[in-house]
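Observations on chain architecture
The residues making up each chain are set out below.
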Amino acid sequence: MTFGRSHILSLADFTPDQYNIVLQTAASLSDVLSRPTKKAKKLPTLQGKVVTNLFFEPSTRTRSSFELAAKRLSADTLNFSPGSSSLSKGETILDTAKTYLAMGTDLMVIRHKEAGVPSAIAAELDRINANVGVVNAGDGQHEHPSQALLDLFTLCTLLDPEDPRLELLQGKKIAIVGDILHSRVARSNLWSLTATGTEVHLAAPPTLLPQIFSQYLQASSDWERPGKLFLHSSLEPALDNADFVMTLRLQTERMTQHLLPSAREYHQQFGITRDRLQRCQPHVKVLHPGPVNRGVEIDSDLMDDPQFSLISQQVSSGVAVRMALLYLMGST
């Protein structure tokens, strides 16, 4: 199997083989990260390559994870900060990207508050035959591919640490709960999880469940995908017999309208608690892409309980998966 992708902008067109290549590569690299000495944790794979992190909006986990992943592969890294950049002087985003291209960039990791910016930069780089790969690290209300891939890796390695693969999730039920409207994580997970044969149940207040997902639901019977999608405006049917629950942050900074009465009322109706997890399978596990509003999306003690929570494993998985993406794109 070959990866065969020069850019990672969306998971909508990922093939099962490409998912499995990422999972298997991440598993191998995870073994490297678990070695006891710091020296052993570094691979020479991307030595001499330059990875540029173009983060036009704030990020802690994703940016740090990509930077560490690049360094673990021995790449040089350049980090863009919009506050001190020439954007404030009128420079365009494309000109900024071309500036880093002129510095010898081989891979660009791009995050922006507007949907489509990573795709536009990738298209321009292809137009000028720059031979530079672009990874979408989150764009507006579009997608966040690497987060969904690390979620997939977290789930599959839980089920088979030695051989993570798509088929392990076939027939499982996964509930995704929270601010679906503003979540690029939910959009990417929709593609990755339905590729596994999973039942994906989205649950949110009606104001946070966008119409586009209803259209996905109507078309789901015609998908060439083994998984199924279900929408719920209440929490209980999504949790019933669920194997995994992924709760999403309320992105109040993106809410330009009054979409919720209060965080307290949201928690009363959609917050994940121990009592509510009793509706799920006994082995249920909980995920959250972070950052977490403790006591809003999930009870604070629950997110720290290793019996239920996979949140710390998601962070660890993020480095291995992002190493895999940079490795697969940069070593060709």
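Residues numbered from 1 in each chain as written. Predicted model: local features only at pLDDT ≥ 70, side-chain atom pairs only at ≥ 80, totals over all residues. Heavy atoms only, no water.

Section: the overall build of the chain
Operational definition: Runs of H or I in DSSP of at least four residues are treated as helices and runs of E of at least two as strands, each being numbered from the N terminus. Atoms counted for the radius of gyration: C-alpha only. Globule rule: 2.2 Å times the number of residues to the power 0.38. Whether two residues touch is decided by their heavy atoms; if any such pair falls within 4.5 Å, the residues are in contact. When charges are counted, neither His nor the chain ends are considered; positive counts come from Lys and Arg and negative counts from Asp and Glu. The location of each charge is read from NZ of Lys, CZ of Arg, CG of Asp or CD of Glu.
A count of helices and strands for the chain gives 12 helices and nine strands. Relative to the 2.2 N^0.38 estimate, which gives 20 Å for 332 residues, the radius of gyration of the chain is 20 Å and therefore close to what a compact globule would have. If you line up the chain on its principal axes, its C-alpha atoms span 55 × 45 × 40 Å. Put simply, of all contacts in the chain between residues at least 6 apart along the chain, 79% involve residues at least 24 apart. For the chain, the centre of its 32 positive side-chain charges and the centre of its 34 negative side-chain charges are spaced 6 Å apart.

Details of the UniProt feature "binding site: L-aspartate" (unreviewed entry) in the chain
Applicable threshold: UniProt positions are given in the numbering used here, feature names are shortened, and annotations may be inferred rather than shown by experiment. Each polar contact in these results corresponds to two N or O atoms within 3.5 Å; when the atoms are within protein, one needs to be able to donate a hydrogen and the other to accept it, and residues that are neighboring in sequence are counted only if both atoms are side-chain atoms.
Mapped onto the present numbering, the UniProt feature "binding site: L-aspartate" (unreviewed entry) falls at K89, R184 and R249. With respect to the helices, strands and loops of the structure, R184 is situated in helix α6 (residues 184-194). Of note is the side chain of R184, whose polar atom sits 3.3 Å from the backbone oxygen of G140. By secondary structure assignment, the location of R249 is in the loop between β8 (244-247) and α9 (263-270).

Observations concerning the packing of helix α2 (residues 61-72) against helix α12 (residues 311-330)
Rules: Interaxial angles span 0 to 180 degrees and are taken between N-to-C directions of axes, which are lines fitted to C-alpha atoms, for helices over the stretch in contact. Here the word oblique covers every angle except those under 35 degrees (roughly parallel), over 145 (roughly antiparallel) and from 65 to 115 (roughly perpendicular). In this scheme the handedness of a crossing depends on how the near helix is turned from the far one: anticlockwise by less than a right angle means left-handed, clockwise means right-handed.
Taken N-terminus to C-terminus, the directions of α2 and α12 make an angle of 60°; their axes are 8 Å apart at the nearest point. When the axes of α2 and α12 are compared, the pair comes out oblique. The two elements α2 and α12 cross, and the hand of that crossing is right-handed. Contact with α2, carried on its side by R61, T62, S65, F66, L68, A69, A70 and R72, involves G318, V319, R322, M323 and L326 of α12 and no other residues of that element.

Description of the packing of aromatic side chains
Each aromatic ring pair is specified by the distance between its two centres and by the angle formed by the two planes. Defined as follows: Paired rings are identified among Phe, Tyr and Trp, the last through its six-membered ring, by centres lying within 6.5 Å, and are further divided according to the angle between planes into stacked (under 30 degrees), edge-to-face (over 60) and tilted (the rest). Residue burial is assigned from relative accessible area. The probe radius is 1.4 Å, only protein chains are included, and a residue is buried under 20% of its type maximum, exposed over 50%, and partly exposed in between.
Considering all chains together, one arrives at five aromatic pairs under this definition. Relative to F14, the ring of F3 lies with its centre 6.1 Å away and its plane at 70°, an arrangement referred to as edge-to-face. Linking F3 in the segment before α1 (16-33) with F14 in the segment before α1, this pair joins segments that are 11 residues apart in sequence. When its relative accessible area of 5% is taken as the criterion, F14 is described as buried. Ring centres of F14 and Y19 lie 5.1 Å apart, and the angle between their planes is 50°; on these two criteria the pair is classed as tilted. On the basis of relative accessible area, Y19 is assigned to the buried category, the value being 0%.

Focus on α6
Because an α-helix packs 3.6 residues into every turn, residues spaced three or four apart end up facing the same way. Counting buried residues in α6 gives 11 out of 11 residues, a clear majority hidden from the surface. Residues of α6 that are buried include every one of R184, V185, A186, R187, S188, N189, L190, W191, S192, L193 and T194, and no others. A side-chain oxygen of the first residue of α6 lies 3.3 Å from the backbone nitrogen of V185; this N-cap is S183.

Some details on the sheet that holds strand β6 (residues 199-203)
Heads up, the rule is: For two strands to be treated as a pair, DSSP must find at least two bridges joining them.
With parallel pairing, five strands are arranged side by side in an open sheet as β7-β6-β5-β8-β9. Of all the strands in the sheet, just β7 (228-232) and β9 (285-287) have a single pairing partner and so form its edges. Here the average twist between neighbouring strands, direction ignored, is 20°. Where strand β5 (residues 173-177) and β8 come together, four bridges link them in parallel fashion. Counted as the bridge partner of I174 is F244 from β8.

Thoughts on the packing of helix α5 (residues 145-159) against α12
What counts is decided by this rule: Here the nonpolar group is Ala, Val, Leu, Ile, Met, Phe, Trp, Tyr, Cys and Pro; Asp, Glu, Lys and Arg are the charged ones; every other residue, Gly included, is treated as polar.
With their axes 8 Å apart at the nearest point, α5 and α12 run at an angle of 115° to one another. Two packed elements cross with a definite hand, and for α5 against α12 that hand is right-handed. Of the residues in α12, those touching α5 at S146, Q147, L149, L150, D151, F153 and T154 are Q313, Q314, S317, G318, A320, V321, R322 and L325. Considered class by class, the residues forming the contact of α5 with α12 number six nonpolar, seven polar and two charged.

What to know about the sheet that holds strand β4 (residues 133-139)
For sheets, the rule is that strands pair by backbone hydrogen bonds, running either parallel or antiparallel. Here four strands make up an open sheet; going across it, the order is β2-β1-β3-β4 and the pairing parallel. The open sheet is flanked by β2 (76-80) and β4, the only strands paired with a single partner. On average, each strand axis in the sheet is inclined to that of its neighbour by 15°, with strand direction left out of account. Bridge count for strand β1 (residues 50-55) against strand β3 (residues 107-112) is five bridges, and the pairing is parallel.

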